[in-house]
Amino acid sequence: MRRVKTILNLAIVSVSFFNSQAQDFHFSQFYASPLTLNPALTGKFNGHMRLSSVYRAQWSNVNTTSYLYQTPSFSADFNLFKNKIGLGVVLLNDQTNNKTFNTLEGGLSASYKIITEKFGISFGLQGWYSQNYFDYNKVNQNFRQMEPTAADVLRRFDFHAGIFSDYRLENNSVLYGGFSAYHLISPKDKFITAGNPTASLPMKFTAQLGGDLVLNDKVNLIPGLMYAYQAKASQINTGTTLAYNLRKEDDNHIILYAGLWSRWNGIQTQALIPKIGFEIKKIRVTAAYDIVTNSLGSEVNASRSVHPNTFEISLNYIFKNPERSMDYDCFLFNPRY
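Being a predicted model, the structure only gives us computed values, none of them experimental.

Calculation notes
Residues numbered from 1 in each chain as written. Predicted model: local features only at pLDDT ≥ 70, side-chain atom pairs only at ≥ 80, totals over all residues. Heavy atoms only, no water. Helix = DSSP H or I, 4+ residues; strand = E, 2+ residues; numbered from the N terminus. Buried < 20%, exposed > 50% of the residue type's maximum accessible area, 1.4 Å probe, protein only. Contact = heavy atoms within 4.5 Å. Areas by Shrake-Rupley, 256 points an atom, 1.4 Å probe, with all protein chains shown as cover. Salt bridge = Lys/Arg side-chain N within 4 Å of Asp/Glu carboxyl O. Pairing = 2+ DSSP bridges. Core = buried A, V, L, I, M, F, W, Y, C linked by side-chain atoms within 4.5 Å. Phe/Tyr/Trp six-rings, centres within 6.5 Å; stacked < 30°, edge-to-face > 60°. Polar contact = N/O pair within 3.5 Å; in protein donor to acceptor, adjacent residues only side chain to side chain.

Peer 1: Whenever I open this one, the overall build of the protein confuses me. Can you help?
Peer 2: When its secondary structure is counted, the protein shows four helices and 14 strands. Expressed as a percentage of the 337 residues in the protein, the buried residues total 50%. Taking the intrachain contacts of the protein between residues at least 6 apart in sequence as the baseline, contacts between residues at least 24 apart amount to 61%. By element, 61% of the accessible surface of the protein is carried by carbon and sulfur atoms, the whole surface being about 15700 Å².

Written out as structure tokens, the structure is:
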């Protein structure tokens, strides 16, 4: 019981502070936020402009006043010069315990794409700005004594880069692969200076693999994997989505999605993530729910007769310009997971 109370108390204010020793934020539906997944995905779709939004709400029944964590995000990217150049902007607001700790961040990204009949490759760069705010009025005296040097506001600039490629098979199936690197300049982490005034944000590396496999005229199998490594910590998200084509007209299609994904820390499963969604014409909507399977979820459940719940909903919309020359991508959203 003592351990549970300690975990819950620290989770409210301290987890986000120690980002110099932990992984950056990830969505369970990492594929629904392309500009935070890999800068090389900027403009990687069949259309003129893409709008993407993800909202994540975590642990509503652990902290009784509100969701313990809330993270809305929004991005927009578009194509220029016959889809060879992609430009984009992304915004993200990570809120902890009713904005006791609030991170507002965003970036501008650009990509260059080389496209052939069967093969495509893109290179991306992204400039990033983040602002962390800590509200001292919302924490108790014990935390103030524990971290007396914590700053109330921290601003930081950063750079990210990535590469992404895809290959079309004979039956129109597509295979994907990508790699991205974050915090290229390792900016100083000055939010908590006690004991380590020169602490810097460690670089993060992610790898993405996936496929869109055509099984028949109605069914596609869409497996995927994302691996992230930062500061000797690693995370794996993997799973499969089944797409069922109710109507397969190019500009008037209807697709249903159902999938099961999981999140791993090393060899330990942290969560199972069922997913459902649909795609109609230019819009796609998906939703996912995290079923926590690690020890923290079990202890919270045992002590409070609740289970920490987390859900995400994503929305993507494509603007098409029929007068523009499109690349060979056959799917409205690329990549699909």
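Peer 1: Honestly, the pattern of salt bridges in this entry has me stumped. Any pointers?
Peer 2: Between side chains of opposite charge, a pair can form when the charged atoms approach closely. Counted under the stated rule, the structure contains seven salt bridges. Two residues, Glu279 and Arg284, come together in a salt bridge whose shortest N-O distance is 2.8 Å. The burial state of Glu279 is the same as that of Arg284; both residues are buried. One salt-bridge network, held together by shared partners, links Arg56, Arg263, Asp290 and Glu312.

Peer 1: Help me out: how do you make sense of the pairing of strand β3 (residues 85-96) in this one?
Peer 2: Remark: a regular strand shows side chains that alternate across the two faces of the sheet. Taken together, the ten bridges between strand β2 (residues 69-80) and β3 define a ladder with antiparallel strand orientation. Within β3, the position partnered with Asn79 by the bridge is Gly86. Hairpin connection between β2 and β3: a loop of four residues separates the two successive antiparallel strands, and Phe81 in this loop has a positive phi of roughly 55°. Taken together, the twelve bridges between β3 and strand β4 (residues 101-115) define a ladder with antiparallel strand orientation. Bridged to Thr96 within β4 is Phe101. Hairpin remark: β3 followed by β4, antiparallel, with four residues in the connecting loop; positive phi at Asn97, about 50°.

Peer 1: Help me understand the nonpolar core, please; the structure alone is not making it clear to me.
Peer 2: Looking at soluble globular proteins, one finds that nonpolar side chains tend to be buried together. Phe30, Tyr31, Leu37, Phe164, Met226, Trp261 and Ile273 are the most contacted members of the largest nonpolar core, which has 18 residues in total. Among the elements of the structure, β7 (174-182), β9 (219-230) and β12 (268-280) are those that each provide at least two residues to this core. For Leu37, the contacting residues outside a window of four places in its chain are Phe30, Tyr31, Ser180, Tyr182, Thr206, Gln208 and Met226.

Peer 1: I'm lost on the side chain of His160 in this one. Help?
Peer 2: Within the fold, His160 resides in strand β6 (residues 153-168). Apart from residues lying up to four places away in sequence, His160 is in contact with Pro39, Gly124, Leu125, Gln126, Trp128, Ala181, Tyr182, His183 and Leu184.

Peer 1: How should I be thinking about the packing of aromatic side chains in this particular structure?
Peer 2: Between two aromatic rings, the relevant description is the distance of the centres plus the angle of the planes. All told, the structure shown has eight aromatic pairs when counted by the stated rule. Seen from their ring centres, Phe30 and Tyr31 are 5.2 Å apart, and the 70° between their planes marks the pair as edge-to-face. Tyr31 matches Phe30 in its accessibility class, with the two residues each being buried. The interplanar angle of 20° and the centroid separation of 6.1 Å between the aromatic rings of Phe179 and Phe205 together place this pair among those described as stacked. Residue Phe179 is found in strand β7, and its partner Phe205 is found in strand β8 (residues 204-214); the two are separated by 26 residues along the sequence. Of the residues examined, Phe205 reaches a relative accessible area of 31% and is grouped as partly exposed. Taken together through their ring pairs, the aromatic side chains of Phe30, Tyr31 and Trp261 make up a single cluster.

Peer 1: Sorry, what's going on with unusual backbone geometry here?
Peer 2: Backbone phi values are negative for most residues with the exception of glycine, while trans is the configuration of most peptide bonds. Here Ser186, not a glycine, exhibits a phi torsion of approximately 45°, which is positive. Tracing the backbone through its elements, the reader meets Ser186 in the loop between β7 and β8. Under the relative-accessibility criterion, Ser186 is labelled partly exposed at 27%.

Peer 1: Looking at this model, I keep getting lost on the side chain of Arg168. Mind explaining?
Peer 2: Residue position: Arg168 is located in strand β6. For Arg168, a relative accessible area of 8% gives the class buried. Of note is the side chain of Arg168, whose polar atom sits 3.0 Å from the side chain of Asn172.

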